[in-house]
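Here is what each chain is made of, one letter per residue.
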Amino acid sequence: MPRPLDTDVALHADDLSLARGGVRVVDGVSLKVDAGASLVVMGPTGAGKSSLAAVLAGGTDTGITIVGGDARVHGISARHPGRRRRQWVFHTGYLPQGAGAALPSRLTVSDVIAEPITSRDRRVNPRALSVRVATLLDEMQLPLGTAPKYPYELSAGMRQRVALARALVLEPRLLIADDLYANLDVEVRAAVRTALRRRRDENGMASLVVTNDADAPRDLDADVLVLRAGHAVAFGPRAEGLVWTPGGTPERRISAT
């Protein structure tokens, strides 16, 4: 009998260190995201934000390895997930950086969004699946006529929304979104925020969002973790409540626990 998921804490990293090709890209980061809570991760290019997101989302083809500490996602060890990796990935929606540009070109938009379901269950009810896809298209402010099109026929902003719909189609307990607002205009950003907040309020979905958008912490009612050169250099509730390390350098580790 499979062990139950931790439904109170979506994500808990303890002194987590990551490396790519033997070079550390994240060094001793600790954080905690409860069910229904949000964390925005900020920092300059090369800070380790995308590497952290990829590992916490359960990615296996990133070339990144855990070299210190551990993280538990839904109570599942990221370092030694074993057979529970399938549970981890199923309950975690992931929007990687550049997701809109990386959509499979040979699938229609409808098939792209539905693929996380159809790849797991070939016997899914086609009508129910069509309704779910249509609902997500509407939520992302995409016309229903988008469904039979191919990603290359869409604008960059539309592709980004398709990628987000795909990440949300399984109604995840945790959404990890890297560069959430890429190519989105103001009105569409509002729709995306509404979609995330509704899932938080109705289903307790937690989120970890990688972005340097200054408004994101307020919009998502999120805490903020700032990384620099792989180190956590600041943490606080909202951007205005940040507590920095002395001089803004990684002289001591800030924990978001």
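Residues numbered from 1 in each chain as written. Predicted model: local features only at pLDDT ≥ 70, side-chain atom pairs only at ≥ 80, totals over all residues. Heavy atoms only, no water.

A.B. asks: Sorry, what's going on with the confidence of the model for the protein here?
C.D. replies: Any region with low pLDDT has predicted coordinates that should not be read closely. Looking at the protein, pLDDT values average 91 and 92% of them are 70 or higher. The low-confidence segment residues 247-257, where pLDDT is below 50, has 34 contacts with residues more than four positions distant or belonging to other chains. (pLDDT = per-residue confidence, 0-100. Contact = heavy atoms within 4.5 Å.)

A.B. asks: Even after reading the chapter, I still don't get the environment of Gly46, so can you show me in this structure?
C.D. replies: Mapped onto the fold, Gly46 is located in the loop between β3 (38-42) and α1 (49-56). Given a relative accessible area of 66%, Gly46 falls into the exposed group. Separated by 20 residues in sequence, Gly46 and Val26 place their C-alpha atoms 9.9 Å apart. (Helix = DSSP H or I, 4+ residues; strand = E, 2+ residues; numbered from the N terminus. Buried < 20%, exposed > 50% of the residue type's maximum accessible area, 1.4 Å probe, protein only.)

A.B. asks: What is the right way to look at the pairing of strand β1 (residues 9-20) in this model?
C.D. replies: Looking down a regular strand, the side chains alternate between one sheet face and the other. Across eight bridges, β1 lies against strand β2 (residues 23-34) in antiparallel orientation. By the bridge assignment, Leu18 is partnered in β2 with Val26. Taking the residues that link successive antiparallel strands as the turn, the β1-β2 hairpin has two residues, and the phi of Gly21 there is positive, at about 60°. Pairing of β1 with strand β4 (residues 64-73) involves eight bridges; the strand directions are antiparallel. The partner of Leu18 across the bridge, within β4, is Ile66. (Pairing = 2+ DSSP bridges.)

A.B. asks: Even after reading the chapter, I still don't get the packing of helix α3 (residues 109-118) against helix α5 (residues 156-168), so can you show me in this structure?
C.D. replies: For any two helices packed against each other, one specifies the inter-axial angle together with the distance between the axes. Put simply, α3 and α5 touch, their axes get as near as 7 Å, and they point 30° apart. The angle between α3 and α5 places the two elements in the roughly parallel class. Here α3 runs over α5; the crossing is right-handed. Between α3 and α5, the contacting residues are Val109, Val112, Ile113, Glu115 and Pro116 on the first element and Val162, Ala165 and Arg166 on the second. Along the lines of polarity and charge, the residues of the contact of α3 with α5 split into six nonpolar, no polar and two charged. (Axes fitted to C-alpha atoms, helices over the stretch in contact; angles between N-to-C directions. Parallel < 35°, antiparallel > 145°, perpendicular 65-115°, else oblique. Left-handed = near helix turned anticlockwise from the far one by under 90°. Nonpolar A, V, L, I, M, F, W, Y, C, P; charged D, E, K, R; others polar.)

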